[in-house]
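What follows is the residue order along each chain.
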Amino acid sequence: MSVGSSAFCDNSPTHIVERKATMAAPPSSGLSFVCVFNDPEVRRDCLDRSLAAAVEDGTVEYLAVDNVDQQFSSAGAALNNAARRAQGDSIVFVHQDVFLHSI
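Residues numbered from 1 in each chain as written. Predicted model: local features only at pLDDT ≥ 70, side-chain atom pairs only at ≥ 80, totals over all residues. Heavy atoms only, no water.

We now examine the overall build of the chain. When you go through the chain residue by residue, the secondary structure sums to two helices and five strands. Listing the helices and strands of the chain from first to last along the sequence gives β-β-β-α-β-α-β. Sequence separation of 24 or more characterises 76% of the internal contacts of the chain that already satisfy a separation of 6 or more. On the chain, roughly 5500 Å² of surface is accessible, and the fraction owed to carbon and sulfur atoms is 50%. (Helix = DSSP H or I, 4+ residues; strand = E, 2+ residues; numbered from the N terminus. Contact = heavy atoms within 4.5 Å. Areas by Shrake-Rupley, 256 points an atom, 1.4 Å probe, with all protein chains shown as cover.)

Structure, rendered in structure tokens:
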């Protein structure tokens with residue numbers, strides 16, 4: 001399963017969040033990764049690929065906030081929105097163009 005194929009999208013007027021793994025319980029590592037993006041292709045090529053295995057096995061939670069249409073007043077507002085949704089004990093804020101070599 002690819003990371004993109006399990007996306008959950010909440011397209012309500014005030015929130016556009018893709019949850020890359022729908023989790024019934026918090027991630028086993030306790031980590032939630034949050035990213036605000038404005039270029040989906042860059043995000044898929046970098047961050048999505050680097051988190052794919054950990055997301056698939058439930059090790060981490062990954063919330064990618066779409067701010068392409070500037071639904072949020074700032075990147076901080078978008079990050080705060082995702083942080084409220086995160087289920088992990090710790091939240092890691094990352095940029096869309098980051099490739100994580102290990103978690």
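A separate point is helix 2 (residues 75-85). Residues of helix 2 that are buried include every one of Ala78, Asn81 and Ala82, and no others. Along the axis of helix 2, the buried positions cluster into a sector of 90°, meaning they face one direction only. (Buried < 20%, exposed > 50% of the residue type's maximum accessible area, 1.4 Å probe, protein only. Arc of directions from axis to C-beta.)

If you trace the backbone, Asn38 turns up in the loop between strand 3 (31-37) and helix 1 (40-56). C-alpha of Asn38 to C-alpha of Asp66: the two residues are 28 residues apart in sequence and 6.3 Å apart in space. With sequence-adjacent residues up to four places away left out, Asn38 is seen in contact with Val68 and Gln96.

Where empty space is left in the structure can be found by rolling a water-sized probe over the atoms. Looking at the largest pocket, its volume works out to about 170 Å³. Residue lining of the largest pocket: Val34, Val36, Asn38, Ala75, Leu79, Phe93, Val94, His95, Gln96 and Asp97, and that is the complete set. Residue assignment for the lining of the largest pocket shows that the elements contributing at least two residues are strand 3 and helix 2. Among the residues forming the lining of the largest pocket, the class breakdown is six nonpolar, three polar and one charged. (1 Å grid on protein atoms, 1.4 Å probe; cavity = no way out; pocket = protein on both sides within 12 Å on 5 of 7 lines; lining within 4 Å. Points joined across faces, edges and corners; volume = space filled by probe spheres on them. Nonpolar A, V, L, I, M, F, W, Y, C, P; charged D, E, K, R; others polar.)

The geometry of an aromatic ring pair is captured by the separation of the ring centres together with the interplanar angle, meaning the angle of the planes. Enumeration over the complete set of coordinates arrives at zero aromatic pairs. Its guanidinium or amino end placed over the ring of Phe37, Arg43 lies 4.3 Å from that ring's centre, counting from NZ or CZ. (Phe/Tyr/Trp six-rings, centres within 6.5 Å; stacked < 30°, edge-to-face > 60°. Lys NZ or Arg CZ within 6 Å of the ring centre and 35° of its normal.)

Attention shifts here to the pattern of salt bridges. Following the criterion strictly, the structure yields one salt bridge and no others. Taking the shortest distance from any N to any O, the salt bridge between Asp48 and Arg43 comes out at 3.0 Å. Neither Asp48 nor Arg43 differs from the other in exposure class; each is buried. (Salt bridge = Lys/Arg side-chain N within 4 Å of Asp/Glu carboxyl O.)

Of all hydrophobic cores here, the largest spans twelve residues; its members are Phe33, Cys35, Phe37, Leu47, Leu51, Ala54, Val55, Val60, Tyr62, Ala64, Val94 and Leu100. Elements with a contribution of two residues or more to this core: strand 3, helix 1 and strand 4 (60-66). Once you skip the residues sitting within four places of it in the chain, Val94 turns out to touch Phe33, Val34, Cys35, Val36 and Leu47. Ranked by size, the runner-up nonpolar core spans seven residues in total, among them Phe72, Ala78, Ala82 and Ala86. (Core = buried A, V, L, I, M, F, W, Y, C linked by side-chain atoms within 4.5 Å.)

Tracing the chain through its elements places Ser32 in strand 3. If near-sequence neighbours (up to four positions away) are discounted, Ser32 is found in contact with Pro27, Glu61, Leu63, Ala86, Gln87, Gly88, Ser90, Ile91 and Val92. One polar contact links Ser32 to Glu61, side chain to side chain, over a distance of 2.5 Å. (Polar contact = N/O pair within 3.5 Å; in protein donor to acceptor, adjacent residues only side chain to side chain.)

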